[in-house]
Amino acid sequence: MNSRLRHWREAATVLLVAGTLGRLPRSPLGPFDYELLLLQRSSRSGFMPSAHVFPGGLVEAADFSADWLRLLPAAPHCGLGLVRPPLLGSARSPLFATDRQQLGSPVPGEVAFRICAIRETFEEAGILLLVPGPGPAEGDAPATPLPAERLPPAAELDEWRRRVQEDPVCFLQLCRHLGCVPNIWALHEWSNWLTPAGRAGGRRYDTAFYLCCLQQRPPRTSQDDREVTAFLWSSPAEAIECFKSQEIWIAPPQFYELCRLCNFSSLSQLYKFSSQRALEGCERWMPVTLHASDGYVQLLPGDELYPENPDYTGEKKVVMTTDKKIEDLMKEGSVFHRIVIKNINNLAVHVNIQAKHKHLNPLMINSDCSNCSSRL
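What you see is a predicted model; the values in this text were computed from it and never measured. (Residues numbered from 1 in each chain as written. Predicted model: local features only at pLDDT ≥ 70, side-chain atom pairs only at ≥ 80, totals over all residues. Heavy atoms only, no water.)

With that settled, the discussion passes to the environment of Ala186. For Ala186, the location among the structural elements is in the loop between strand E6 (180–182) and strand E7 (187–194). In the structure, Ala186 is positioned 75 residues away from Leu261 in sequence and 17 Å away in space, judged by C-alpha atoms. If we skip the residues at most four places from it in the chain, Ala186 touches Ala143, Leu211, Cys212 and Cys213. (Helix = DSSP H or I, 4+ residues; strand = E, 2+ residues; numbered from the N terminus. Contact = heavy atoms within 4.5 Å.)

Here Pro145 lies in the loop between strand E5 (130–132) and helix H3 (154–166). Every residue in contact with Pro145, bar those within four places of it in the chain, is listed here: Leu214, Gln216, Arg217, Pro218 and Pro219.

For the rest of this paragraph, the subject is the sheet that holds strand E14 (residues 337–343). Read across the sheet, five strands follow the order E13-E11-E12-E14-E15 without closing on themselves; strand pairing throughout is mixed. The open sheet has two edge strands with one neighbour each: strand E13 (320–321) and strand E15 (346–351). Packed onto the sheet, helix H6 (residues 252–261) meets strand E12 (295–299), E14 and E15 and runs at close to 60° relative to E15. (Pairing = 2+ DSSP bridges. Axes fitted to C-alpha atoms, helices over the stretch in contact; angles between N-to-C directions.)

So, about the pattern of salt bridges. Inspection of every chain in the model, using the stated rule, returns 18 salt bridges. Taking the shortest distance from any N to any O, the salt bridge between Arg119 and Asp63 comes out at 2.9 Å. Taken together, the residues span a long stretch of sequence, with Arg119 in helix H2 (residues 109–125) and Asp63 in the loop between strand E4 (56–58) and helix H1 (94–97) at a distance of 56 residues. Arg119 sits in the buried class, given a relative accessible area of 1%. For Glu332, the salt bridge is made with Lys324, and the minimal N-O distance between the two is 2.7 Å. (Salt bridge = Lys/Arg side-chain N within 4 Å of Asp/Glu carboxyl O. Buried < 20%, exposed > 50% of the residue type's maximum accessible area, 1.4 Å probe, protein only.)

Okay, the pairing of strand E8 (residues 205–214) next. Judged by how many residues are buried, E8 sits mostly within the fold: 10 of 10 residues are covered. Side chains Tyr205, Thr207, Phe209, Leu211 and Cys213 project from E8 onto one buried face, and the interleaved Asp206, Ala208, Tyr210, Cys212 and Leu214 project onto a second face that is buried too. Pairing of strand E1 (residues 9–19) with E8 involves 10 bridges; the strand directions are parallel. Note that in E8 the partner of Glu10 across the bridge is Asp206.

Next up, the structure:
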């Protein structure tokens, strides 16, 4: 949508969590009363093949269609809470700060990116995050999934899903047909990740991460057997243990966010935190890879080794390398915001900087199944 950001394609994803019914998942951190949805990408995918990811995908022109404003509450923000102005010396992420009207759409980014995440969740997992009527959704609690009686028969819903996959414009048509609107108010701004420069394959994304809390699982979840070949509902801690045991593979940004969710074993606590914190906005993070002699370190803003002027474009072909081992880098350092990668299933998050925007740092689960703070 934003041609000026030519190095990235804009995308949106959602950390979709739902209360469990009659089961408290067990983990090294104790019981969680909610689970999170992970989708396994096809092995034929050109980006992160076979990885377990959060639902989401590329923003389409249909997500910015002015026709949405005829269904949603009044512009400019359609009933969404306004993010507070950035503190002095900081700035709103360009993904959210870009004036979309200058790019030809009256729909603000905060609305369009949420519509994208909701549409992609339907395409990939068959889940409709909708609310009856024009909205906004009411209440100060996790959202209620659209009841089964409001959904079309399975065969009809599958046909709508196919149509939306073929043409994103059909998602708006589906909402009109059901007398519903995307529940954009249930999605809370969580984080903003840029794909690192120099990534193999060259695909780079500027992705808005949202968090959505549901009181219970939706009545139906199913993979599309195209982009997605399997799905998994799991507590964050259990998902990390599955990753460590090599049952699944999770990319570093998703691993980081799972560790951040481990601060919350209660759905109500997570909902309260996310809904209040979202009004503070978030930072834009681009990991910078440092190649060590025995692995990699993905440096994040605030780390003492993070470049003062990182190469956002990738055109400079800058490669950070060291002959030191990761253990030596950790012993010599003192200010950390990094993901240490020994191999694809051996990741560790090390953070001792103060989180910005009233966020929380990740909670790291050690390989011996004990837990520790992020070295605050």
